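Architecture at a glance
Below are the chains, spelled out letter by letter.
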Amino acid sequence: MSKKIHRQGGRLSLRLGQRLAPSPNVIYKYSIQFKQFPHLMKCLFIILMLYPGLILAQKKEIDTNYIYWSKDRKLKQEDFLIKTANNGASSSAMFGSEYNLTGIFSMQIPKNYKEKIRHYFVRNASWIDTTANFSDNLTYQQTQFDLCEIYFRKFRKEVNENKKKIFWGKLAIRDINNKILADYRKRVVIYDQETKSGNLPDKQQEWELIILKELEELSEFGID
């Protein structure tokens, strides 16, 4: 059986909250062919050898700034690093996502593929009004975070079910990503409309039960 090398990845950020629908996603991709720049590669190697702490420090900063979705880790007031008061909107959250499936595989996807497709809360880009109702704000933002997890489980499910198409180049992972995000944005709009942005307690509770049910139905494609 022949093998193919697949390198597909992307990252995006979504601004949610402020009782608005998510903004269009932006995917950032960077790649450098070092073989075209031998001197750059040599300098980079020297830097990494002399200053390995730079990479560790950067990773640590990223790790503490991102909160990856977890069923056991709910958003808290201190997660919103920007504090405001009476600015017209009670809270705003920045959510990001990433997928990075790189490797050589034959009609199969990597065993840890689910861990390569993730989404997270960005602490230093999210704010909360210190004079508003913390509980309601956190519930609203957590609901959007949970809703996002549903669609990333669907993302992982689509990748798993379409591995043959992906292998033969008939389907690009980025196309699955774009479709899932489009569906997610539409669902957020519906959630905001039906709950008046989380301000109708009965409707909010209904949505929480719906989300919990859908998460359970897609539990096979969760990470934790």
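Counting from 1, residues in each chain are numbered in the order their sequence is written. For a predicted model such as this one, the threshold for reporting local features is a pLDDT of at least 70, and the threshold for listing and counting side-chain atom pairs is 80 or more; totals across whole chains, interfaces and linings nevertheless cover every residue. Based on all heavy atoms of the structure, the side-chain values leave hydrogens and waters out of the count.

1. Here we look at the packing of aromatic side chains
Within 6.5 Å between ring centres, the rings of Phe, Tyr and Trp (the latter by its six-membered ring) count as paired, and their orientation is classed by plane angle as stacked under 30 degrees, edge-to-face over 60, tilted in between. Enumeration over the complete set of coordinates arrives at 12 aromatic pairs. Seen from their ring centres, Phe95 and Phe145 are 4.9 Å apart, and the 15° between their planes marks the pair as stacked. Taken together, the residues span a long stretch of sequence, with Phe95 in strand E4 (residues 91–105) and Phe145 in helix H3 (residues 134–161) at a distance of 50 residues. Taken together, the ring pairs in this structure connect Phe80, Phe95, Phe121 and Phe145 into an aromatic cluster. Taking NZ or CZ as reference, Arg118 lies 3.8 Å from the ring centre of Tyr68, over its face. Runs of H or I in DSSP of at least four residues are treated as helices and runs of E of at least two as strands, each being numbered from the N terminus. As a reminder, the over-ring test applies to NZ of lysine and CZ of arginine, requiring each to be within 6 Å of the ring centre and within 35 degrees of the ring normal.

2. Comments concerning the environment of Asn199
Locating Asn199 in the fold gives a position in the loop between helix H5 (173–195) and helix H6 (201–217). Under the rule applied, a polar contact is a pair of N or O atoms within 3.5 Å (in protein, one hydrogen donor and one hydrogen acceptor; residues adjacent in sequence only if both atoms are side-chain atoms). Of the polar contacts made by the side chain of Asn199, one reaches the backbone oxygen of Lys196; its length is 2.9 Å.

3. Quick notes on the pattern of salt bridges
Note on definitions: salt bridges are taken to be side-chain nitrogens of Lys or Arg within 4 Å of carboxyl oxygens of Asp or Glu. Overall, the coordinates contain nine salt bridges when judged by the stated rule. The partner of Lys76 in a salt bridge is Glu78, and the shortest N-O contact between them spans 3.8 Å. Here's how the labels work: a residue is buried when its accessible area is under 20% of the maximum for its type, exposed when over 50%, partly exposed in between, all with a 1.4 Å probe on protein chains only. Accessibility expressed as a relative area gives 37% for Lys76, which makes it partly exposed. For Glu78, a relative accessible area of 46% corresponds to the partly exposed category. Among the ionic pairs, Glu149 bridges to Arg156, the shortest N-O distance being 3.5 Å. The class for Glu149 is buried, based on a relative accessible area of 2%. Connected via shared salt-bridge partners are Glu149, Arg153 and Arg156.

4. Observations concerning the confidence of the model for the protein chain
Detailed conclusions should not be drawn from predicted coordinates in areas where pLDDT is low. Confidence scores labelled pLDDT are given residue by residue by the predictor and lie between 0 and 100. Here the protein chain shows a mean pLDDT of 76. Residues at 70 or above account for 67%. The element-level mean pLDDT for the protein chain is lowest in helix H1 (residues 38–50), coming to 39, with H6 highest at 98. We call two residues in contact whenever any of their non-hydrogen atoms come within 4.5 Å of each other. Here residues 1–9 is a poorly scored stretch, pLDDT under 50, and it has 34 contacts once near neighbours within four places are set aside; other chains count. Segment residues 17–58 is flagged for pLDDT under 50; beyond a separation of four residues in sequence, or across chains, it makes 56 contacts in the model.

5. Comments concerning unusual backbone geometry
Even without being a glycine, Lys196 presents a positive backbone phi close to 55°. Relative to the helices and strands, Lys196 is located in the loop between H5 and H6. Among the residues examined, Lys196 registers a relative accessible area of 52% and is labelled exposed. In this model, Ser197 sits at a positive phi of 60°, which is unusual for a non-glycine residue. Assignment of secondary structure puts Ser197 in the loop between H5 and H6.

6. Thoughts on the packing of H5 against H6
Axes here mean lines fitted to C-alpha atoms, for a helix over just the part in contact, with angles spanning 0 to 180 degrees between N-to-C directions. Where H5 meets H6, the closest approach of the two axes is 9 Å, and the angle between their N-to-C directions is 150°. Considered as vectors, H5 and H6 are oriented roughly antiparallel to each other. When you trace H5 past H6, the crossing you get is right-handed. Where H5 approaches H6, its residues Arg187, Ile190, Tyr191, Glu194 and Thr195 are matched on the opposing element by Lys203, Gln204, Trp207, Ile210 and Glu214. A breakdown of the residues in the contact of H5 with H6 according to their chemical character gives four nonpolar, two polar and four charged. An angle below 35 degrees is read as roughly parallel, one above 145 as roughly antiparallel, one from 65 to 115 as roughly perpendicular, and any other as oblique. Note on convention: the crossing is left-handed when the near helix lies turned anticlockwise from the far helix by less than a right angle, right-handed when the turn is clockwise. Charged means Asp, Glu, Lys or Arg here, nonpolar means Ala, Val, Leu, Ile, Met, Phe, Trp, Tyr, Cys or Pro, and polar covers whatever is left, Gly included.

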